[in-house]
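Residue-level structure breakdown
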Amino acid sequence: MSAVQSPVPVADGAYKKRRRRRKTGKNVHEAEAEVEVEVEVATNGIKRQNKKTKFCDDDEESEKEHRVSEEHTDVNEEAGDVFGNDLGKDVIKNASDGIKDSKGKKENVTGHIKSSSKRHQPKVVSLDSDDDDEGDFFNPKNVVSKSQLQARAQALLDIRQDLPIYQHKDEILRHVNENSVTVIIGETGSGKSTQIPQFLMDGVSNDKRQIAVTQPRRVAAATLAKRVSEEHGCQLGQEVGYQVRFSNITSAKTKLKYLTDGMLLREIMIDKNLSKYSTVIIDEAHERTVLTDLVMGFLKQLLATTRKKDLKVIVMSATLNAKLFSEFFNNAPVLFIEGRMFGVDNYYLTESTDDIVDTMIRAVVQINNGEPRGDILCFLPGQEEIDNAVATLTSISSQLPREAPLIVACPLYAALSPQQQLRIFDKLPENKRKVILATNIAETSITVSGVKYVVDSGLRKVKVWRHQLGLSTLLTTPISKASAKQRAGRAGREAAGGKCFRLYLESTFNESLPLQQESEILRNDVIYPVLTLKKLGVDDLLNWTWLEYPGKESILLALNVLYSLGALNDQGKVTSVGEKMAMLPLPPQLSVVLLTAIENGVLAPVLEIIGCLSVDNLILNVNGELRDEVNLKRRQFCPLGTQWGDLILMWEYYQVFKENKLRNWCKEMFFSYKGFKNVERVIHQLKQYVRNITDNNSGDKTDIGDDEDNETTQLSNNTKDIPMILKSFLKGFITNVAVGMPDRSYRTLNHGDLISVHPSSTLFGKPNVDAIMYIEYVYTSKGYARTCSSIELSWVQEVAPHILGASRTSLHQ
DNA sequence: GAGCACTGC
């Protein structure tokens, strides 16, 4: 069975052009003109084509003008003329495809926000530099004088006042004042994330409480806080600050705080009433991360009870989902704000193909030969496709027509080292054109400047949790319309004339792409959410205020897992172990490991291994000729890891790093220096949590030796007790054991399924061991166990006596 | 026998 579906049949580089037209506020239904579009194809064997296509006004990507009714007027889509003109109908359709579905249903739509000419674009700062040794993204070191700050703020004020949103300050404030929940829909570039919080801050200067603005990503929280502090004319961390994991740049003076939604959830666990906040703004709600969903569920609950009168909630989202949010918060009013994106023309294939990389390359070559200057951003599903495309483009670039710019292909995905990632920001000479081949990382997380052309495969990889099977699979699937739009928008950030080439049929876009991606809470297991709810005393999980109900099966599975981990008792109440697990900033399984390690007296090494597991892309992949050489060099540091597998291997690497902390050593070994620095921060943070936990248990004190010269006997005595370290892990990953079979395969202990050691494991390619324990199971082309350790089967019985007997039968089938 | 998308505490 192939995991890769190719839903977007693609042809060899022939595009149908579809002009997108900017609306002017006149009758938008006026024109259906025909234009001749010439598409010149220059690769070998591809014909030159002339295509006639429609010039139509079904405007998905271009700037929109949202006209809306007087406040609280019910808008019926069928009755567009409540607006007094044809626009009304279109506004609703554009404003939210969700609303489009609800024919005849009522919507509260308020506000009218117009456009103006200049654009607002906060400076993009690369935070991924390998030189960043500091824990904080931004931390003001050199204090600037008050007058300098104010001069800067005054300069920025001109830009701010030119934003469309600025003209509607009073209107926005009025709606927020009159409603406990307001939904604000705004496109990229509308300035909603920077301006609305400031409006509120100016409006409630006598309130001692804070305004919180949540973001799904840490970098976004930090970047926004920095920008807004400048606009506000203060030092970052004074009136305006931010708080994310590992950095809290706030002070007693802070009125406006940007934070990640995970951070706010943590604050909810400490103070259910969020009493220090007057207003909570949920930004980027359309991304529908698990954490954002949970926060919204809690806010709804809070508004229904204790904070009914004095808490203001604002949900901010891109154009989709207005209906979902509005209905969830008891038909809260919806405000629309116009964005500042330039129009992007979309092109589609006229014929389908099954080789996405090949088609991508043809498209790039075609653009390079025929289109004016401007970088090309390509979206591909994964690393493999990107590496292939980069290799091909690099090899053919010298054979391209001399008059065309020279193609410089740059890969971009998370597993690349920071240095490699930074290549996308290089300035190139006139005669070269940058072609960035990226995963989804370029859709939201990394913004590249200079992009004028986007080539979109229409695919992405998604991790899908199958609760029936209890495992996750990594699937290549079609993106959603919302995603397609977001990707296309990357060509319209800086100038007009951007183009997006979609490597699928227009009918595929219209008819088969889903409106938006399935939310994360439906795709993932809900072990962490369920534990969080239990910790907060929610007993009736099935009837909790879920923004989207994850399903009974999924919840029951989570309850089962939590029960077997000891987090819940027979009655489904959270145990003292469960309480601790909920507070630890770790996945529940790793929390169990950590707590077990305390009992087993192997806390120090286990903490270090958990630290390594918590950091992504620590040990980088090496491709090509270097691979064997690097593997050989790495091996000299890990005599134990070679024998015991990946967990111990990581630990040995970390020991070497800890000794000298050499940047060059990391570079040579293809380890991420920055990653190891992050491991240190995780360990440091976890030690603080462990100290809190053990302090609360009087008499059961564990010295965790936070600093080097304070290492106690408990730490140093047992560090080489590998079996005890691995047994601690086994406690949390007892379900992830596979037994070595005589035919060199492995079969899982609980179901007897076939499983393979992932090629990235040190155990890969070695003779079978007695049994393996793995941290993660992924199904791609087949079932793979990642991060494997060699264990003895007898340990399973030792750690969890009930497991082995029960599963014998399935093994011998 | 040969390969993982992206976040968050």
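Residues numbered from 1 in each chain as written. Chains lettered and ligands numbered in written order. Predicted model: local features only at pLDDT ≥ 70, side-chain atom pairs only at ≥ 80, totals over all residues. Heavy atoms only, no water.

Turning next to the protein's contact with DNA strand B. Neighbouring DNA strand B are 36 residues; Arg 218, Arg 266, Arg 627, Arg 744 and Arg 786 lie closest to it. Among atoms of DNA strand B positioned within 4 Å of the protein, sugar and phosphate together represent 55%. At the level of elements, α7 (261–270), β19 (459–466) and β26 (783–791) are the ones that each hand at least two residues to the surface near DNA strand B. At three residues, the largest contribution of residues to the surface near DNA strand B is made by α7. Across the surface near DNA strand B, the residue classes break down as 13 nonpolar, 11 polar and 12 charged. (Near = heavy atom within 4 Å. Helix = DSSP H or I, 4+ residues; strand = E, 2+ residues; numbered from the N terminus. Nonpolar A, V, L, I, M, F, W, Y, C, P; charged D, E, K, R; others polar.)

Here the focus is the pairing of strand β24 (residues 754–757). The sheet contact formed by strand β23 (residues 746–748) and β24 spans two bridges and is antiparallel. Counterpart to Arg 747 in the pairing with β24 is Leu 754. The hairpin formed by β23 and β24 contains five residues between the paired strands, and Gly 752 there has a positive phi angle of roughly 75 degrees. Here β24 runs beside β26; their pairing, made up of two bridges, is parallel. (Pairing = 2+ DSSP bridges.)

Think of an α-helix as 3.6 residues a turn; residues three or four steps apart then line up on the same face. Taken across its 10 residues, α7 has eight buried, putting it largely inside the fold. Restricting attention to buried positions, one finds in α7 the residues Asp 261, Met 263, Leu 264, Leu 265, Arg 266, Glu 267, Ile 268 and Met 269. (Buried < 20%, exposed > 50% of the residue type's maximum accessible area, 1.4 Å probe, protein only.)

In total, this model carries 27 salt bridges according to the counting rule given. Put simply, Lys 226 and Glu 230 hold a salt bridge, and the shortest N to O gap is 3.1 Å. Here Lys 226 pairs with Glu 230, and both are found in helix α6 (residues 218–232), just four residues apart, close to one helical turn. Owing to a relative accessible area of 30%, Lys 226 belongs among the partly exposed residues under this scheme. A salt bridge links Asp 539 to Lys 573, with the nearest nitrogen and oxygen atoms 2.9 Å apart. (Salt bridge = Lys/Arg side-chain N within 4 Å of Asp/Glu carboxyl O.)

Next up on the list: the packing of aromatic side chains. Counting across every chain of the model gives 18 aromatic pairs. For the pair Phe 637 and Trp 665, a centre-to-centre distance of 5.3 Å together with 90 degrees between the ring planes defines the contact as edge-to-face. Here Trp 665 lies in helix α25 (residues 663–669) and Phe 637 lies in the loop between α22 (626–635) and α23 (639–644), a separation of 28 residues in the sequence. You can call Trp 665 buried: its relative accessible area is 11%. Ring centres 6.0 Å apart and planes at 65 degrees place the aromatic pair Phe 657 and Tyr 673 in the edge-to-face group. One end of the pair, Phe 657, is in helix α24 (residues 646–660); the other, Tyr 673, is in helix α26 (residues 673–696), and 16 residues separate them in sequence. (Phe/Tyr/Trp six-rings, centres within 6.5 Å; stacked < 30°, edge-to-face > 60°.)

Moving on to the pairing of strand β14 (residues 344–349). The buried count for β14 comes to six of six residues, which makes it a mostly enclosed element. Residues of β14 alternate between two faces, with Val 344, Asn 346 and Tyr 348 on one and Asp 345, Tyr 347 and Leu 349 on the opposite face, all of them buried. Two strands pair when backbone bridges link them, and β14 and strand β21 (residues 498–505) are joined in this way by six bridges, in the parallel orientation. By the bridge assignment for β21, Tyr 348 is matched with Arg 502.

Here we come to the environment of Leu 618. Along the polypeptide, Leu 618 turns up in the loop between α21 (603–614) and α22. Among the residues examined, Leu 618 registers a relative accessible area of 5% and is labelled buried. Each C-alpha atom, one on Leu 618 and one on Gly 675, is 5.1 Å from the other, the two residues being 57 residues apart in sequence. Apart from the residues lying within four places of it in its own chain, the contact partners of Leu 618 are Cys 612, Phe 670, Phe 671, Ser 672, Gly 675, Phe 676 and Val 679. (Contact = heavy atoms within 4.5 Å.)

With that out of the way, let us pick up the nonpolar core. The tendency in soluble globular proteins is for nonpolar side chains to be buried as a group. Residues Met 296, Leu 594, Ile 610, Phe 676, Phe 729 and Leu 730 are the most contacted members of the largest nonpolar core, which totals 114 residues. Each residue touching Phe 676, except ones within four places of it in the same chain, is listed here: Leu 618, Tyr 653, Tyr 654, Phe 657, Trp 665, Cys 666 and Phe 671. Counting residues in each nonpolar core, the second largest holds 33 residues, with Leu 163, Phe 199, Cys 234 and Tyr 242 among its members. (Core = buried A, V, L, I, M, F, W, Y, C linked by side-chain atoms within 4.5 Å.)

Before going further, it helps to spend a moment on the confidence of the model for chain A. When pLDDT is averaged along chain A, the result is 79; 78% of the residues meet or exceed 70. Across chain A, the element-wise mean pLDDT spans from 25 in strand β2 (residues 33–39) up to 97 in strand β10 (residues 256–260). Ignoring residues within four places in sequence, the model shows residues 1–133, a span with pLDDT below 50, making 342 contacts including any to other chains. In this model, residues 804–813 is a region of pLDDT below 50 whose contacts with residues beyond four sequence positions or in other chains number 13 contacts. (pLDDT = per-residue confidence, 0-100.)

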